[in-house]
Each structure stands twice: as structure tokens, then as C-alpha cells.
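What follows is each chain in one-letter form.
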Amino acid sequence: MLSLSTAPLGMLGAPQMAHAGGQLEEPLMDSVRTALSSAVANQGPPEPLFATTEARIMYLRWLGTMSDKLRKRKPEWEVRRDFLQTVWYESKRAGLDTSLVMGLIQVESAFRKFAVSSVGARGYMQVMPFWTRVIGDGDAGKLFQMQTNLRFGCVILRHYLDREKGDTFMALGRYNGSRGRNPYPNAVYSAQRNWLFNEKVTSA
């Protein structure tokens, strides 16, 4: 798992700008706030766990296929592996389609860990800092940590999907602060196609 201490100092001093929108802060019922807080606080195992050998083999095939696709954006194997493993784990944990999460990350930050938008959204999934106050410990700096950012992003997207009764289009719009408008969801859907995995095809 990577941490801020492993990042080049130049990257920390000058966060990379992103052009994504931002989630809107809305009142949350106490029960929802408690559930979300629990979801982001509950630390998962550092390695994915599999019920069967077949499931593990399928994951390794997915990892190999996605690694090849991501190589140009993240040339170092260890960085690429840790990122993909965490995306896979956090998306599955939140009950999300992993290809959708990958598409969202592509649109939001272009896979840049230290991306910052004009409205202050941070990291891979461009999480707004207010979320750390609402359902976290208030430390917005942690949004530049890989697992924290992906954990928050996936939990927030799951929350929006639940609010929109499973309507992905509306949930994506809410995630971007552009609910009901086409450009952002369509961009994520388009990017998602890059990360679809055919389970019947093994990676080379």
C-alpha cells in the first residue's frame, strides 16, 4: 500500500489540477450518517480473500488484463498492482461494478493520485473534503492516501446509488454535482468501456 511518504515531494507541493465537478453537501439523516461513517471506518484486509480457487484465478486474470491496459498511465508494476487491487477490493466491498469505478476514476482524475479540482475535490475519485468532516475524522489530507480515497469514493457512490434507487445515470450526476444532466454520466459510461473484463478471455 502506498502512502504520502512515498510520493515525490514535487507532487505534494503542487497537486495536479483536475477539471471534475464536486459532490454537494446535503443534510444526512443520523442513521445514514452512522452507516456511512461505519462503512469508511471499517478497515478491510490488505489482500483480497477468495472463497474458491476459481474465484482467485478469475481475479488474477482480471488483474493481468487491467494491468496491461493501465501500463502507460502507471508504468511501475508495484504501483499498478496496489492500485488495481485496492480498486477491486473497494468496489466489490461497496457492491459496485469495478469497470464503472475505473471509468469514473478515468474521468475524474485520469488516474492521478494527487489531482485537485477547481472546487477542491481530491485524489483518484475526486472526493470533496467535507466528506471527511461528515463521515470521517475530519482530516482531509487523508484523501490523498490511495485506500482512503477509494474507500470514500466507493462508499459515496454506493450512497448515491441507494438514494437514486439503483439509477446509475442519476447517481453519477449526483456524484459530480450535475444531477440530471447528460455530459458527466455519458463520459463515465464511455470510459467504463475501456475497463470491461470478459471473464472467458484470459490475459496474455
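Notes on the structure follow.

1. Some points on helix α9 (residues 183–192)
Now for step 1: Among all positions in α9, only Tyr184, Pro185, Val188, Ala191 and Gln192 are buried. Angularly, the buried residues of α9 cover 125 degrees about the axis, an arc narrow enough to put them on a single face.
Now for step 2: Tucked inside the fold, the buried residues of α9 contact α5 (98–109) and α8 (168–176).

2. Remarks on the packing of aromatic side chains
How two aromatic rings sit relative to each other is set out by the distance from centre to centre and by the angle between their planes.
Now for step 1: Going through the model one piece at a time under the given rule, you end up with 11 aromatic pairs.
Now for step 2: Site record: aromatic cluster; members linked through ring pairs are Phe50, Tyr59, Trp62 and Trp88.
Now for step 3: The ring of phenylalanine 83 has lysine 74 sitting right over it, with the charged end atom 5.1 Å from the ring centre.

3. Some details on the side chain of glutamate 90
Now for step 1: Considering the arrangement of structural elements, one finds glutamate 90 in helix α4 (residues 77–93).
Now for step 2: Excluding anything up to four places from it in sequence, glutamate 90 contacts Gln147, Leu150, Arg151 and Cys154.

4. Side note on the environment of arginine 81
Now for step 1: Looking at the secondary structure, you find arginine 81 in helix α4.
Now for step 2: Through-space distance from the C-alpha of arginine 81 to that of glycine 64 is 9.0 Å; in sequence the pair is 17 residues apart.

5. Examining the pattern of salt bridges
Now for step 1: Enumeration according to the criterion identifies 7 salt bridges in this entry.
Now for step 2: Note that aspartate 68 and arginine 71 form a salt bridge whose closest N and O atoms lie 2.8 Å from each other.
Now for step 3: Of the charged contacts, one joins arginine 179 and glutamate 164 as a salt bridge, the two residues approaching to 2.5 Å between their closest N and O atoms. Here the residue arginine 179 occupies a position in the loop between α8 and α9, and glutamate 164 occupies one in the loop between α7 (146–163) and α8, the gap between them amounting to 15 residues.
Now for step 4: Given a relative accessible area of 11%, glutamate 164 falls into the buried group.
Now for step 5: One salt-bridge network, held together by shared partners, links Glu164, Arg174 and Arg179.

6. Some details on the packing of α4 against α7
Now for step 1: As a packed pair, α4 and α7 sit with axes 9 Å apart at the nearest point and diverge in direction by 30 degrees. Considering their axes alone, α4 and α7 lie roughly parallel with respect to each other. When you trace α4 past α7, the crossing you get is right-handed. On α7, the residues that touch Asp82, Phe83, Thr86, Val87, Tyr89, Glu90, Ser91 and Arg93 of α4 are Met146, Gln147, Leu150, Arg151, Cys154 and Val155.
Now for step 2: Class assignment for the residues of the contact of α4 with α7 results in 7 nonpolar, 3 polar and 4 charged.

7. Topic: the packing of α5 against α8
Now for step 1: It is at 13 Å that the axes of α5 and α8 come closest, and there the two elements cross at 35 degrees. Here α5 runs over α8; the crossing is right-handed. Contact residues: Leu100, Leu104 and Glu108 in α5; Thr168, Leu172, Tyr175 and Asn176 in α8.
Now for step 2: Across the contact of α5 with α8, the residue classes tally to 4 nonpolar, 2 polar and 1 charged.

Reading guide: rules and limits
Residues numbered from 1 in each chain as written. Predicted model: local features only at pLDDT ≥ 70, side-chain atom pairs only at ≥ 80, totals over all residues. Heavy atoms only, no water. Buried < 20%, exposed > 50% of the residue type's maximum accessible area, 1.4 Å probe, protein only. Helix = DSSP H or I, 4+ residues; strand = E, 2+ residues; numbered from the N terminus. Arc of directions from axis to C-beta. Contact = heavy atoms within 4.5 Å. Phe/Tyr/Trp six-rings, centres within 6.5 Å; stacked < 30°, edge-to-face > 60°. Lys NZ or Arg CZ within 6 Å of the ring centre and 35° of its normal. Salt bridge = Lys/Arg side-chain N within 4 Å of Asp/Glu carboxyl O. Axes fitted to C-alpha atoms, helices over the stretch in contact; angles between N-to-C directions. Parallel < 35°, antiparallel > 145°, perpendicular 65-115°, else oblique. Left-handed = near helix turned anticlockwise from the far one by under 90°. Nonpolar A, V, L, I, M, F, W, Y, C, P; charged D, E, K, R; others polar.

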